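Each chain is listed here by its residues.
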Amino acid sequence: MAKISMRDVRKSYGKDQVVHGVNLEIANGEFIVVLGPSGCGKSTLLRMIAGLETITAGQIAIGDTVVNDLEPRERGCAMVFQNYALYPHMTVAENIGYALKVAGTPKAERMARIAAVAASVGLGDFLDRRPGQLSGGQRQRVAMARAIIREPRVFLFDEPLSNLDAKLRVQMRHEIRRIHNRIAATSVFVTHDQQEGMTLADRLVVMNKGVIEQVGTPSEIYDQPASTYVGGFIGSPAMNFLSGQVDRATHSVRLASGDRIDVSPAIAARNHGKLVQIGVRPEAMTMVPAGQGTLNATFEFVEELGAGRLYHMMFEDLTLTVLAGDRQTLAAGAPVGLHIPASAVHLFDADTGKRVEAAPLAVVEQVPA
Amino acid sequence: MIERTPFLNIATHVILLSGLVIIIIPIWLAFVAATLTLQEVNSAPIELWPGNQLWANLVEAWTISDFGTKFLNTLIVATSVVVGKITLACITAFALVFFNFRGRMLIFWMIFITLMLPLEVRIVPTYAVAANALSPFQTILEVTGINWLINAVSGIEVALEWNLLNSYTGLILPLVATATGTFLYRQFFLTIPDELVEAARMDGAGPLRFLWDVLIPLSKTNIAALATIMFVYAWNQYLWPLLVITDRANYGMVVVQLSDLVPDQLTTGGGTPTWHLAMAATLVVMLPPIAVVIFMQRWFVRGLINTDK
Ligand SMILES: Nc1ncnc2c1ncn2[C@@H]1O[C@H](COP(=O)(O)OP(=O)(O)OP(=O)(O)O)[C@@H](O)[C@H]1O
Ligand SMILES: [Mg+2]
């Protein structure tokens, strides 16, 4: 059990810097999910914590120990890999118990612990099989058991579920959360699947191009994205974006088309004349008869989601999507009004992409180097 | 590609059978010759069916050639070559693949280039080294003038000498020092996924532990293949033992000995050629390599069935 603190952690491969100064405090027992697109440096960050990758600059501490120069085995971390990385020539029991064998745990104790851990992840009947004779989900469990048996202070997961089918993925997700609650180690879980991230995390870390964009609980990140990047990345279907300029007098944002979208008077007052991006979630907009809404758009086509429908509209040369629970039948090309309430509007600075707030908000501060 | 048509089935079998016949005929003729008497083996036309002299011929060939000692020698040399080769190849490839050090590729290419220099090509320098394994160092001492310096200072003349002629070491070492095994192992180690290496590191296994617990068990098939090839290669050595061993009675190898039985002007002195003995000896000499291949074959097959990756 340990907290992890990262201070201005950087990683370069030769001249290429791929992680640019990450600052992050992870509390003891917390479940952190690092979310980001492919190539943003998530795995690199995780592997620096694990000790599989050297730290180019900065400092990582686990508990009260700075681990920069420690070997992986001395850090008390266990890791679950994307491709499981099981030893193909060892049985399930040998795979699970290998770390104990290396550590010199007496055989009787080892066997007892293997049996207990295997039973806890439902592998009791498979102890004598080889990994090659297991299904993907079972291999995943072996990988988990192998990590659990070491009773690590820190649990690291690198996209452990991405090779499973959708249903099994949800099931294993629950199982991972259950295991986390039971053994109460600090967990860092890397994924590019936002649903996985949202559902598992105590706190989410959204990364982009080697920097942390935002840290917060899933609902904080969904409700108050700190940048256009986070707004667009989190949430499916994705947020709609429109560009415009803030106008104090009408407390609205005026679009290039001349349409106005209302924003809260407080924001408008503080940001008069600012060029902004407006972000609106698809479920926060409603469709109204043409001419009665904030904007007038043209209906294009609809996607059936089962629980609701996703309506695609054209506004000027932009595609806007509206998520609605009711089922309407519209002809392609039909004019539709879109109602955008002021409370649904997220404002971002057009230049920096950062969120514009009425008052400075307590977004998680990045500790300066 | 698996095609199942009667015509192709027949064609494949015809091809297979003709191949088999081509391979079997010389062996059959050797076997038949080994079962005949001196008169029968030299009578024309050539005899195609075995006689009843096999045992007598075997015994005679074995005694004339003193094969007891020769077999033991060859077995010692071939086994040592196999063990030495596998050990050397395995740890060299391990260093080349799993450690990042300066000049790694340079070293690999230098090893690789020696693939193009089989023992026969470099036999003269190798012989020079075998005659005095320390001669390269002696040369260095002399060329750099260190020897002169030592002599001037202390009055001692340094002459390094370590003669490998007429010894097992001399027979074995040059056969061990080739690149084939290293190359084979390197290619295999390169197929080991990085994650497996990392999983072992996370489990706390150091490099040697990883080599022993993971790489070696995984490369069993490779070991079997290399062992077979190297055993047969070492068993069949002719030129090198011929050069390096003058004390045949104690260090002779079977193939060199076998060549002495093959009748020519020298051995028979114009008498009737003793092909029946030569062939009987050939049969005996062939047996150990065949036994090794058959025994090792089980490992190849098991290796193929148990691929879990
Ligand atoms: N060994 C390496 N040498 C050079 N560049 C590397 C190396 N490993 C990773 N990179 C680069 O570092 C960047 C981050 O890689 P990383 O593996 O952390 O991405 P990721 O966020 O885990 O992506 P994914 O979701 O695809 O796994 C990438 O641009 C990658 O090309
Ligand atoms: Mg990755």
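What counts and what doesn't
Residues numbered from 1 in each chain as written. Chains lettered and ligands numbered in written order. Predicted model: local features only at pLDDT ≥ 70, side-chain atom pairs only at ≥ 80, totals over all residues. Heavy atoms only, no water. pLDDT = per-residue confidence, 0-100. Helix = DSSP H or I, 4+ residues; strand = E, 2+ residues; numbered from the N terminus. 1 Å grid on protein atoms, 1.4 Å probe; cavity = no way out; pocket = protein on both sides within 12 Å on 5 of 7 lines; lining within 4 Å. Points joined across faces, edges and corners; volume = space filled by probe spheres on them. Nonpolar A, V, L, I, M, F, W, Y, C, P; charged D, E, K, R; others polar. Buried < 20%, exposed > 50% of the residue type's maximum accessible area, 1.4 Å probe, protein only. Lys, Arg positive; Asp, Glu negative; His and termini not counted. Salt bridge = Lys/Arg side-chain N within 4 Å of Asp/Glu carboxyl O. Polar contact = N/O pair within 3.5 Å; in protein donor to acceptor, adjacent residues only side chain to side chain. Near = heavy atom within 4 Å. Areas by Shrake-Rupley, 256 points an atom, 1.4 Å probe, with all protein chains shown as cover. Pairing = 2+ DSSP bridges. Contact = heavy atoms within 4.5 Å. Axes fitted to C-alpha atoms, helices over the stretch in contact; angles between N-to-C directions.

## What about the confidence of the model for chain A?
Part 1: Summary statistics for chain A give a mean pLDDT of 90 and a share of 96% for residues scoring 70 or more.
Part 2: When pLDDT is averaged over each element of chain A, strand β3 (residues 31-35) of chain A comes out on top at 95 and helix α9 (residues 265-270) of chain A at the bottom at 87.

## Thoughts on the layout of surface pockets
Residue and element names in this part refer to chain B.
Part 1: Its boundaries defined by the atoms lining it, the largest pocket holds a volume of some 750 Å³.
Part 2: Lining the largest pocket are 25 residues, and of these F98, F99, V197, E198 and R201 lie nearest its centre.
Part 3: Among the elements of the structure, α4 (67-98), α10 (180-190), α11 (194-202) and α12 (207-218) are those that each provide at least two residues to the lining of the largest pocket.
Part 4: The element that contributes the greatest number of residues to the lining of the largest pocket is α11, accounting for 5 residues.
Part 5: Looking at the lining of the largest pocket, its residues break down into 14 nonpolar, 3 polar and 8 charged.

## A look at the side chain of B:E195
Part 1: You can see B:E195 is positioned in helix α11.
Part 2: Despite its burial, B:E195 pairs with no opposite charge; the closest candidate is A:R47, at 6.8 Å N-O.
Part 3: Reaching out from B:E195, the side chain makes a polar contact with the backbone nitrogen of A:N83 at a distance of 3.2 Å.

## Observations regarding the site of ligand 1
Residues and elements named next belong to chain A.
Part 1: Taken together, Y13, V18, P37, S38, G39, C40, G41, K42, S43, T44, E159 and H192 are the residues near ligand 1.
Part 2: Y13 is positioned with one of its side-chain polar atoms (N or O) 3.3 Å from a nitrogen atom of ligand 1.
Part 3: The protein chains hide 57% of the 640 Å² of surface that ligand 1 would expose on its own.
Part 4: Of the residues forming the shell around ligand 1, the biggest block, 3 residues, is contributed by helix α1 (residues 42-50).
Part 5: Tallied by class, the residues present in the shell around ligand 1 amount to 4 nonpolar, 6 polar and 2 charged.

## Some points on the sheet that holds strand β4 (residues 57-62) of chain A
Residues and elements named next belong to chain A.
Part 1: Taking strand neighbours across the sheet as the criterion, the 4 strands line up as β2-β1-β4-β5 in an open arrangement whose pairing is antiparallel. The open sheet is flanked by β2 (16-26) and β5 (65-66), the only strands paired with a single partner.
Part 2: Strand direction decides the pairing type here: β4 and β5, joined by 2 bridges, are antiparallel. Opposite I62, over in β5, you have T65 as the bridge partner.
Part 3: Of the strands in this sheet, β1 (4-13), β2 and β4 are in contact with α1, which crosses β1 at around 115°.

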